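Report on the structure
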Amino acid sequence: MAEGWRAFQRALRAYGRATGARGLHADRAALERCLDQPAPEDPAALRAVKADLRELVHGGLPEGAAGEVAARVDAALRVLGGEVATEPVRVAVEGWPPGADAGLRAALVGRPGGGPWMLPPEEAAALVRALDGQVLGGAVLAVRVALAPGQRLPAPAREARDRSRRGGETPWLPHLDEEGAYSLTPQDLARRQAALLPGPVVVDAFCGCGGNAIALALAGRRVIAVERDPGRLALARRNARALGATLELVEGDARALLPGILARHPGADLLLDPPWGGPGSAGRPAGWSELVALPEALLAACGRVLLKAPRAFSLASLPAGRSWTWTFERTAPGADGRATVACITCLGVPR
Ligand SMILES: C[S@@+](CC[C@H](N)C(=O)[O-])C[C@H]1O[C@@H](n2cnc3c(N)ncnc32)[C@H](O)[C@@H]1O
């Protein structure tokens, strides 16, 4: 036990240093309660914790892998390590990125005010499941729950784990392929983003099926839109025609084409909605160089730059040399009363 505890603590500290995760809750008493259960409620979960601890002590795992195992044990201890709390518990959410104001915090937690909140244990458990460890703007959120000694949270309700918010939305463009439908900017957001780029000429470097480009054209801008996938470019053309928008569509790689386009249109605004790497990538931290991969020097030739970034995007990686502001774009509250961040609109204006 003592050896297991020490290996677990070492791995947790390394994990915290490597990932910035601060939502780790383990205490030694919880581990003891978990390991000493005379009649385990969940024998399989208990066996998994024991196997993980053995691996931490004897496995010689590299630091990163040991951290992952320790984080898994830590999460299991919150479920296995005590009596289920029945009275409201004090919950605080920490680690918010810059710009996450009280309105956003309240929307993501589903309760008014900036916290801490006294929440029924089931709600606290659902919040831990939803937000703890979530990467937002490059920061890692930590949900802190003040439990009395010997208490644990109940397992979160099934609906809280399985909720999906993408189903049922009717796309606002008629011609889409699978990726185009997944990555289409919702109309309301595309309009709001268009309003942030007031210059007469806008270059959309990653046009897709045309959501942002069409919203910009309908807002009166001259739009030059680049797309490397010929099929999607054709869909953008059909969508533009269907909505009565005029686009100058260019097929090819934005990274190769942008220098020439910007040389012909110096000072044009630039809209960047690069691929995020698919549905599974929402939680993966990404910075400018992985996501956009455009040389920062290229931005010198632009007016405003708008980046639509995934919620995990590291805001600290936005290129220097411009003044950046950002908005966490959130969904409407779900059945549980909580919103989520769908993406971040980052706006960079020349200094
Ligand atoms: C997120 S989607 C754009 C969605 C679009 N804003 C909308 O609302 O419909 C990104 C698009 O960028 C395209 N793309 C990716 N890398 C590119 C590159 N280097 N040059 C041009 N297009 C690229 C992909 O084929 C994809 O269609």
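Residues numbered from 1 in each chain as written. Predicted model: local features only at pLDDT ≥ 70, side-chain atom pairs only at ≥ 80, totals over all residues. Heavy atoms only, no water.

**Some thoughts on helix α12 (residues 254-264)**
Along α12, the residues classified as buried are A254, L258, I261 and L262. The buried residues of α12 occupy an angular sector of 95 degrees when the element is viewed end-on, so they sit on one face. For α12, the exposed residues set more than 90 degrees away from the buried face come down to A256, A263 and R264. The inward-facing, buried residues of α12 contact β8 (201-204), β9 (222-227) and β11 (269-272). The opening residue of α12, the one whose side-chain oxygen lies 2.8 Å from the backbone nitrogen of R255, is D253. (Buried < 20%, exposed > 50% of the residue type's maximum accessible area, 1.4 Å probe, protein only. Helix = DSSP H or I, 4+ residues; strand = E, 2+ residues; numbered from the N terminus. Arc of directions from axis to C-beta. Contact = heavy atoms within 4.5 Å. Polar contact = N/O pair within 3.5 Å; in protein donor to acceptor, adjacent residues only side chain to side chain.)

**Remarks on the domain arrangement of the protein chain**
Where interface size is quoted, it is often the accessible area lost as the parts come together. Once the domains are mapped, the protein chain shows domain 1 (1-81), domain 2 (84-156) and domain 3 (178-350). On a C-alpha basis, the centroid separation for the pair domain 1 and domain 2 is 21 Å. (Domains from an automatic or database assignment.)

**Examining the site of the ligand**
Taken together, 22 residues surround the ligand, and among them N212, E227, R232, A254 and D273 come closest. Interatomic distance of 2.6 Å between a side-chain N/O atom of E227 and an oxygen atom of the ligand. Contacts to the ligand include R232, whose side-chain N or O atom sits 2.8 Å from an oxygen atom. In isolation the ligand offers 610 Å² of accessible surface; the protein chains occlude 97% of this area. Broken down by secondary-structure element, the contributors of at least two residues to the shell around the ligand are α8 (178-183), α10 (211-218) and α12. Along the lines of polarity and charge, the residues of the shell around the ligand split into eight nonpolar, seven polar and seven charged. (Near = heavy atom within 4 Å. Areas by Shrake-Rupley, 256 points an atom, 1.4 Å probe, with all protein chains shown as cover. Nonpolar A, V, L, I, M, F, W, Y, C, P; charged D, E, K, R; others polar.)

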